[in-house]
Amino acid sequence: MRNWLTLSVAAVIASLGAGLATAQDAELPPITEFDRSETVIIHNPEGSLANPGWFNIWASGGGGLSTGLQQLTMDTLWYIDPNAGIDGATYYSLAAGPAEYNEDFTSVTVPLREGIFWSDGVEFTADDVVFTVETQRDTPGMNWSGAFSTQVDTVEALDPYTVQFNLKAPNSRFHLLFAVRWNGAWIMPKHVFENVDDLLSFDNNPPVSLGAYTLHSFDPNGTWYIWERRDDWERTTIAAYGDSVPRFVIYRNNIAMDNRLIEMRNGNLDMIHDLTPEATFAIMRDDPDVQGWFPGFPFAHPDPTLPMFIFNHQNEKFQDRRVRWALALMLDARALSMASYRGAATLSAISIPPTGTHPDDYHAPMQEELINFELDTGTRVIRPYNPDIGLQIADMVRPEFGDQVPTDPDVIRRSFGFGWWDQDLEAAAELLTDAGFTRQGNNWVMPNGEPFAFTLMVPSSGVINRLGTMAAQLWTQAGVQVNAEVAPDSWTRQAAGDYEANVAWSVETYGGHPDLAFFLDSHHSQFVAEPGAVQPARNWMRWTNPELDRIIEEIRGVDFDDPRALELGREFVRLHLQEMPNIPVMSYNVFAVQSNRFWTGWPSSENPYANPVTNWSNARYILTQISPVE
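So, a few notes on the structure that sits alongside this text. (Residues numbered from 1 in each chain as written. Predicted model: local features only at pLDDT ≥ 70, side-chain atom pairs only at ≥ 80, totals over all residues. Heavy atoms only, no water.)

### Regarding the pairing of strand β11 (residues 248–252)
Walk down a regular strand and you will see the side chains alternate between the two sheet faces.
Stage number 1. For β11, the buried fraction is high: five of the five residues fall into the buried class.
Stage number 2. Residues Phe248, Ile250 and Arg252 line one face of β11 and the alternating positions Val249 and Tyr251 line the opposite face, and both faces are buried.
Stage number 3. Pairing analysis gives five bridges linking strand β1 (residues 39–43) to β11, with the strands arranged parallel. Residue pairing across strands places Ile41 opposite Ile250, the latter belonging to β11.
Stage number 4. Note that strand β10 (residues 224–229) and β11 share five bridges and pair antiparallel. Directly across from Trp227, in β11, lies its bridge partner Val249. (Buried < 20%, exposed > 50% of the residue type's maximum accessible area, 1.4 Å probe, protein only. Helix = DSSP H or I, 4+ residues; strand = E, 2+ residues; numbered from the N terminus. Pairing = 2+ DSSP bridges.)

### Quick look at unusual backbone geometry
Stage number 1. At the junction of Asn205 and Pro206, the peptide bond is cis and its omega measures out at 0 degrees in the coordinates.
Stage number 2. One can find Pro206 in the loop between α5 (190–193) and β9 (213–218).
Stage number 3. Each neighbour pair has its own omega, and for Ala537 with Arg538 the value is 10 degrees, a cis peptide bond.
Stage number 4. With respect to the element layout, Arg538 can be found in the loop between α17 (517–520) and α18 (546–556).

### So, the sheet that holds strand β8 (residues 179–180)
Stage number 1. As summarised here, the arrangement of the three strands in space is β3-β2-β8, forming an open sheet in which the pairing is mixed. Each edge of the sheet is formed by a strand with only one pairing partner; in this case those strands are β3 (90–92) and β8.
Stage number 2. Inspection of the sheet shows strand β2 (residues 78–80) paired to β3 by three bridges, in the antiparallel sense. Bridging across to β3, Trp78 finds its partner in Tyr92.

### Concerning the pattern of salt bridges
Stage number 1. For the structure shown, the criterion picks out 36 salt bridges.
Stage number 2. Put simply, Arg235 and Asp232 hold a salt bridge, and the shortest N to O gap is 3.1 Å.
Stage number 3. Note that Arg564 is salt-bridged to Glu571, the shortest N-O span being 3.3 Å.
Stage number 4. Here Arg564 falls in the partly exposed class, since its relative accessible area comes to 29%.
Stage number 5. Three or more residues joined by partner-sharing salt bridges are found here, namely Glu547, Arg550, Glu554, Arg564 and Glu571. (Salt bridge = Lys/Arg side-chain N within 4 Å of Asp/Glu carboxyl O.)

### What about the sheet that holds strand β5 (residues 107–111)?
Stage number 1. If you walk across this open sheet you meet the four strands as β4-β5-β7-β6, and the pairing is antiparallel. Every interior strand has two partners, whereas the edge strands, β4 (100–101) and β6 (152–159), have only one.
Stage number 2. The pairing of β6 with strand β7 (residues 162–167) spans six bridges and is classified as antiparallel. Bridging from a neighbouring strand, Val155 pairs with Phe165 of β7.
Stage number 3. Where helix α3 (residues 126–137) meets the sheet, its contacts fall on β6 and β7, and the angle it forms with β6 comes to roughly 165 degrees. (Contact = heavy atoms within 4.5 Å. Axes fitted to C-alpha atoms, helices over the stretch in contact; angles between N-to-C directions.)

### As for the side chain of Glu430
Stage number 1. Here Glu430 lies in helix α14 (residues 425–434).
Stage number 2. By relative accessible area, Glu430 is classed as buried at 12%.

### Remarks on the packing of aromatic side chains
Stage number 1. Taken as a whole and judged by the stated rule, the model has 43 aromatic pairs.
Stage number 2. Ring centres 5.6 Å apart and planes at 65 degrees place the aromatic pair Phe519 and Phe572 in the edge-to-face group. Linking Phe519 in helix α17 with Phe572 in helix α19 (residues 563–579), this pair joins segments that are 53 residues apart in sequence. Here Phe519 and Phe572 have matching classes, each one buried.
Stage number 3. Three or more aromatic residues joined by ring pairs make a cluster, and in this case those are Phe281, Phe297, Phe299, Tyr341, Phe401, Phe416 and Phe591.
Stage number 4. Here the guanidinium or amino end of Arg235 rests over the ring plane of Phe117, the centre of that ring lying 3.9 Å away. (Phe/Tyr/Trp six-rings, centres within 6.5 Å; stacked < 30°, edge-to-face > 60°. Lys NZ or Arg CZ within 6 Å of the ring centre and 35° of its normal.)

Encoded structure:
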């Protein structure tokens, strides 16, 4: 075991600010009882849990999801990693192969793996899948009841290792209910739940596991969970991807942001879900054993979600594309990046997160189109895209971070973003004038004679708060009076349509697969709610467009892996550019870090076999690739 260079408390305070000397608010599990060469300790970003002993993941009861429960004990038919994956982003887990649809996508047959066993020795079969679907379909209140009741007519086991779903309507993406992104429709142990009278009150404690681990112990106060490797873990699907996994895995939650760094310093965390940018910069500067996603600045992992400025299209202020484009051109991407992530942002001018395989499927191939993209301001035609903004931001942070900032332009574009729109206040003014707006002094006035002003909801703290606050300042300086309102209930209000603008995301993708159905199907006009009614996820802006409907409907009619789906995805990008229904800004960069003090082999941009963010279910594959440090 290598010697450990301890960072003094004084150094932590100097790096992060006063008041961070101890980690007393973090309840410690009995770490000293476990050999660290056999034990991995993972940060769970969940806070206090109302019901720590609740392990029924199929019904809401106040328990945690990222305690190791969904990462280590659950399984379903497929996984799709947000990154490259160990051997491709798509994993055949309980399924032995791809979903096999009939010609009109009304029926799908799935072959299942043989020789997979629950932790109590009962074999997994098609009966478990049938039970999972029928039970939740017929039990309102269970987590997947709505999805199954609206889509599944019948489900049957054709034999012990083959299941067939007969659908109520054609759906070429039905199988994605069982394809894990962050989570998925987990398979239930029929032999356990068929004996339960009240499925909604059953705590499932301890859970029978289909994964490589079973519950060892947990804190009744809900701050830590310890899982132990099954003796027969080779009879689980994870065994196909590695020769070994750690004997013990400890998940710790309810750790304050600042104390996460201290606990890693103390050897009590191997993986941190996220830190502040400032804390990440400090630990990267001072600890050679700690790594981020990128080997240098900006360190963070681009999540397959896309923070953007979302406008309520049922509000008259935002119904003209010229207005939305004018608001985009009033922004300075460099200022947004520096204010939010201190320059460690990964920008995206298009409505696709710059993560996983998306840079190769969308961003890089479409660069020439973006450079040549023309926008008519009503006065002239401009080309607003700047492919070098990422390079400019790299130059801005290089004086502070020196050699940690890459110099290769291609590497910079992959980490800082491929480009964004130039701030062009003159063009923005031309667009607003063309839309009938006028100026009174420095302020814009709408065609109805009222001042052009609106409220932008922002979170109470963090990088997205800083992003929204800076945008409000830039818009106000450009003559649009924007108030940044701290709104802890912004997601609820956004769904209800009780807002003018918000900084959040309406785009979430698989990351490791080019298909956009995870979010795009929800953008169809059939799902747009009337004003005053709750909007189903994820078309929060309530955007309707006949061409958008056409793209979505065609995607529904092609196979998930059909190359045509990628072409249709690019058509969506082009339509979004024309209409600018919301303003994409950057990936939601997660400052996930890992320590190589006790374990090594973590995923990174240079070895992108998995998403390093700890609460994703895909994190289970990381445990097959890491090894103890000798």
